[in-house]
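Residue-level listing of the chains:
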Amino acid sequence: MNKKSSVSLRVKLVLSYLGVALGAILLMIIVATIAIQTFFYQAQISQLRAVTEDLAQNMAQYYQDHGSNWAESTPSSKRYLLSYLFFLDVNKTLYSSRLPGNEFDPYAPTLIHALTLSLQGQQVEDSLQGTTPDGSAFSAIYVSTPVQVNQHIVGAVLLIQPNHYQPGFAPNDIVTNVNLVILVTGLGLALIVVLFSFFLTRRLTRPLISLTLAAEEMKSGNYTQRVEQPKTLDELGRLAATFNAMADKIATDVAELREQEQQRRDLIANIAHDLVTPLTAIQGYSEAIADDVISEPTERHETAQLIGREVQRLRRLVSDIQHMSSLEAGRVQLEMAPLNLYDLSVETLSVIAPECDQAEIELRNEIDPTMPAVLADSDRIAQVLLNLLDNARRHTPTGGRITLGAKTEGAWLVAWISDTGIGINPQDLPHIFERFYRVDRSRNAASGGSGLGLAIIKALITAHGGTTWAQSTPGQGTTIFFRLRLIPALPPPARKNETIPV
C-alpha cells in the first residue's frame, strides 16, 4: 500500500516556486558562460583574422620586392611579438619567424595541415587546447590564410596567438565573476521568491482550508456551514460560490428529507389514529353484543347500524388512502375530453342539494352557462366539486350560503367555491391541502372526513396541470380556488373560395 504524502499544498507550492527560481538561475549561468566564451572567441578570432590577412598582404609585397624568391629573404615578425608566425612556401618549405616552445610540438601535424589547405586557397581558423610538458594548461587560436601575388598562391601564412590575459581578465575569470554575480543575485531573488510565494500560497490556500473545514463540518452534520466568498471571481472564487450553492442544495434536500420523514411519521400516526377510533367502537359494540350486554332486539339493531357506519368510515378512509397513493404515484389515468363546467356544476349541486336544504344552507351557481370548455376528466372534476361542496357544507352554519363561480384568465379557467362558514385561521391556511391536516385538532368524527379530501383535490387538479389555493377570513368564510386550462379556440370555418391563413 502506497503511503500518501503528508506535505501540505503550501509547502509544495513554495518548493515549486523555489525550484523554478533555482532552475532559472542555473540556466542563466549556463547561458552566460556560453555567451561570454563565444564572445571572447569570436572577438579574438576576428582580430587575429584581420592581422593574419594584413600579414599575408605584407608578405606578398615583400615577395615581389625581393625578386619573387623566398630563399633569399625571410619574412619578418617583429610586428607580431605576441604571436607565433609559421610560413609555408609552394615547395612546402616551413619557415618560423619565432621558434615557439615545445608546447606546439603535439600540434605540428594540425598546423601543417592547415597551411597545406591554405596553399590550396582555403582560410583555416581554429583553437588549440591542451597542456604543456610541465603540466600547465595551454590554449591558443590560429588563423591560416594563403599569400597571393597577382591571383597566384605563392605561400601560406599561419599566425598563432596564445591566450595570455592580465590577471582577472581571462575569459574563465570573467565567466567566474559573472556567474558569481548571477548566483548571488539569483539567491537573493530566490529568497524574495520564497517570501513572495509564502504570501501568495497563503492567499491561495486560505480558501482551500476554509473549504476543507466547511466540508468537515458538513460531514459531521452541520449543513449550515458556509465558506467566505472571496473578493475575486477567479477559479477559487467560483469554487467557493459553487460549494456554497451545493451546501444550500444539500441543506434544502436534507430539510426536505427530514420534513418528508416527519410527514411519514405523522401520516402513520394519523392513519393509526383514524383507524383506532372506529375499530375501538366496533370492538366495543361487538363485545357488547357477544356478551349479551345489549339483548333487546331494537338496541341490537341500532348497535349493528352503528357498527355498519363505523365500517363505512373505515372503508372510506382506506379508499381515500389508496386514492391518494395512486395520485401521488401517477397511476391514475385521466380521460381528458372537452368539459362544460356549468353543466357539471348543475349535476353536482343536484346531488348535494338535499343535504343543504336539510341544513337550511343556500346554494348559488354563478357560473356563466356560456363559459368556454376546459380539457379535463369529467368524473375527476365532479369528485373535486363534490368534495369541496361537502367540505363547505360541513363548515357552514344554518342559514349560510355556498356559491360556485368561475371566470377566464388568459388561457385558464379559474373556478371557486366559497362559503359563509367559520373560516380558517391564517396560521392554518397554508397547510389545509396537506394530508391529514385538520383545522379541528380534536380529530373526532364530527369534525369531518378523513383529512385527505383537500389533499386529494390538490392532487387531482395538479394531475390536470392546474393549481389550487385558498382564501379565508375567520368568522366570514372560506373560498377554495382551482385553475384548469381552457381548450384553445379553433379558427372559424373557411368560407367558399377562402383559405385559412397559416
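Residues numbered from 1 in each chain as written. Predicted model: local features only at pLDDT ≥ 70, side-chain atom pairs only at ≥ 80, totals over all residues. Heavy atoms only, no water.

## Observations regarding the overall build of the chain
Item 1. Within the chain, the secondary structure is distributed over 8 helices and 12 strands.
Item 2. For the chain, the residues scored as buried account for 34% of the 502 residues in total.
Item 3. The contacts of the chain with a sequence gap of at least 6 include a subset with a gap of at least 24, amounting to 64%.
Item 4. By element, 57% of the accessible surface of the chain is carried by carbon and sulfur atoms, the whole surface being about 30700 Å². (Helix = DSSP H or I, 4+ residues; strand = E, 2+ residues; numbered from the N terminus. Buried < 20%, exposed > 50% of the residue type's maximum accessible area, 1.4 Å probe, protein only. Contact = heavy atoms within 4.5 Å. Areas by Shrake-Rupley, 256 points an atom, 1.4 Å probe, with all protein chains shown as cover.)

## Here's the deal with the sheet that holds strand β10 (residues 412-419)
Item 1. Here 5 strands make up an open sheet; going across it, the order is β7-β9-β10-β12-β11 and the pairing mixed. The sheet terminates laterally at β7 (362-365) and β11 (467-473), the two strands that pair on one side only. Pairs of neighbouring strands in the sheet enclose a mean axial angle of 15 degrees, with direction left out of account.
Item 2. Pairing of strand β9 (residues 401-409) with β10 involves 8 bridges; the strand directions are antiparallel. Note that in β10 the partner of E409 across the bridge is W412.
Item 3. Packing of helix α6 (residues 341-358) onto the sheet brings it into contact with β7, β9 and β10, and relative to β7 it is tilted by some 175 degrees.
Item 4. Where helix α8 (residues 453-463) meets the sheet, its contacts fall on β11 and β12 (477-485), and the angle it forms with β11 comes to roughly 140 degrees. (Pairing = 2+ DSSP bridges. Axes fitted to C-alpha atoms, helices over the stretch in contact; angles between N-to-C directions.)

## A short note on the nonpolar core
Item 1. Ranked by internal contacts, the top residues of the largest apolar core, which has 38 residues, are L341, I381, L388, L413 and F482.
Item 2. The set of elements that each furnish at least two residues to this core consists of α6, β8 (374-376), α7 (378-394), β9, β10, α8 and β12.
Item 3. Those residues in contact with L413 that sit more than four places away from it in its chain are L341, M371, P372, V374, A406, K407, T408, F482, R483, L484 and L486. (Core = buried A, V, L, I, M, F, W, Y, C linked by side-chain atoms within 4.5 Å.)

## Re the environment of L211
Item 1. Secondary-structure assignment places L211 in helix α3 (residues 171-219).
Item 2. The exposure class of L211 is buried, given its relative accessible area of 11%.
Item 3. The spacing of L211 and N244 is 33 residues in sequence and 9.5 Å in space, taken between C-alpha atoms.
Item 4. Sequence-distant contacts of L211, that is, excluding residues within four places in its chain, are made with V227, L239, A240 and F243.

## Comments concerning the pairing of β10
Item 1. Counting buried residues in β10 gives 7 out of 8 residues, a clear majority hidden from the surface.
Item 2. From the end of β9 to the start of β10, which pair antiparallel, there are 2 residues, and G410 there has a positive phi angle of about 65 degrees.
Item 3. Looking at chain direction, β10 and β12 are connected through 7 bridges and run antiparallel. The residue bridging W416 from the neighbouring strand is F481, located in β12.

## A closer look at the confidence of the model for the chain
Item 1. For the chain, per-residue confidence averages 77 on the pLDDT scale, and 78% of positions sit at 70 or higher.
Item 2. Within the model, pLDDT remains below 50 along residues 496-502, and this stretch shows 2 contacts once partners closer than five positions in the same chain are excluded. (pLDDT = per-residue confidence, 0-100.)

## Concerning the packing of α6 against α7
Item 1. Packing of α6 against α7 brings their axes to within 10 Å, and their N-to-C directions diverge by 40 degrees. At the point where α6 passes α7, the crossing takes the right-handed sense. When α6 is examined against α7, the residues L341, L344, S345, T348, L349, V351, I352, E355 and C356 are found in contact with a partner set consisting of S378, I381, A382, L385, L386, L389, D390 and R393. (Left-handed = near helix turned anticlockwise from the far one by under 90°.)

## With respect to a nonpolar patch on the surface
Item 1. Taken together, L22, L183 and L187 make up a surface patch of nonpolar side chains, about 250 Å² in accessible area.
Item 2. Inspection of the secondary structure assignment puts L22 in helix α1 (residues 9-65).
Item 3. You can call L22 partly exposed: its relative accessible area is 40%. (Patch = residues over 30% accessible without salt bridge, like charges linked within 9 Å, V, L, I, M, F, W, Y side chains within 5 Å. Salt bridge = Lys/Arg side-chain N within 4 Å of Asp/Glu carboxyl O.)

## Digging into α8
Since the α-helix packs 3.6 residues into each turn, any two residues three or four apart lie on the same face.
Item 1. Within α8, burial applies to L454, A455, I456, I457, A459, L460 and I461.
Item 2. One or two residues past the end of α8 sits G465, with phi positive at roughly 85 degrees.

## Examining the packing of α7 against α8
Item 1. Closest axis-to-axis distance for the α7/α8 pair is 10 Å, and the angle between their directions is 150 degrees. Our classification of the angle between α7 and α8 gives roughly antiparallel. You can see that α7 and α8 cross each other, and the crossing is left-handed. The segment α7 lies against α8, with R380, I381, Q383, V384, N387 and L388 engaging G453, L454, I456, I457, L460 and I461.
Item 2. Residue classes in the contact of α7 with α8 are distributed as 8 nonpolar, 3 polar and 1 charged. (Parallel < 35°, antiparallel > 145°, perpendicular 65-115°, else oblique. Nonpolar A, V, L, I, M, F, W, Y, C, P; charged D, E, K, R; others polar.)

## Observations concerning unusual backbone geometry
Item 1. The phi dihedral of Q151 is positive, around 65 degrees, even though this residue is not glycine.
Item 2. Position of Q151 relative to the elements: it lies in the loop between β4 (137-149) and β5 (152-162).
Item 3. Classification of Q151 as exposed rests on a relative accessible area of 72%.
Item 4. Positive phi values are uncommon outside glycine, yet E360 reaches one of about 55 degrees.
Item 5. In this fold, E360 is placed in the loop between α6 and β7.

## Considerations on the pattern of salt bridges
Item 1. For the structure on display, the rule yields 7 salt bridges.
Item 2. Residue R393 is joined to E355 by a salt bridge in which the shortest nitrogen-to-oxygen separation is 3.0 Å. Placement of R393 in helix α7 and of E355 in helix α6 is noted, with a sequence separation of 38 residues between them.
Item 3. Residues K407 and E409 are paired through a salt bridge, measuring 3.3 Å at the closest nitrogen-oxygen approach.
Item 4. A residue is classified by how much of its surface remains accessible, and E409, at 37% relative accessible area, is partly exposed.
Item 5. Shared partners join several salt bridges into a network, and the residues in it are E355, D390, R393 and R394.

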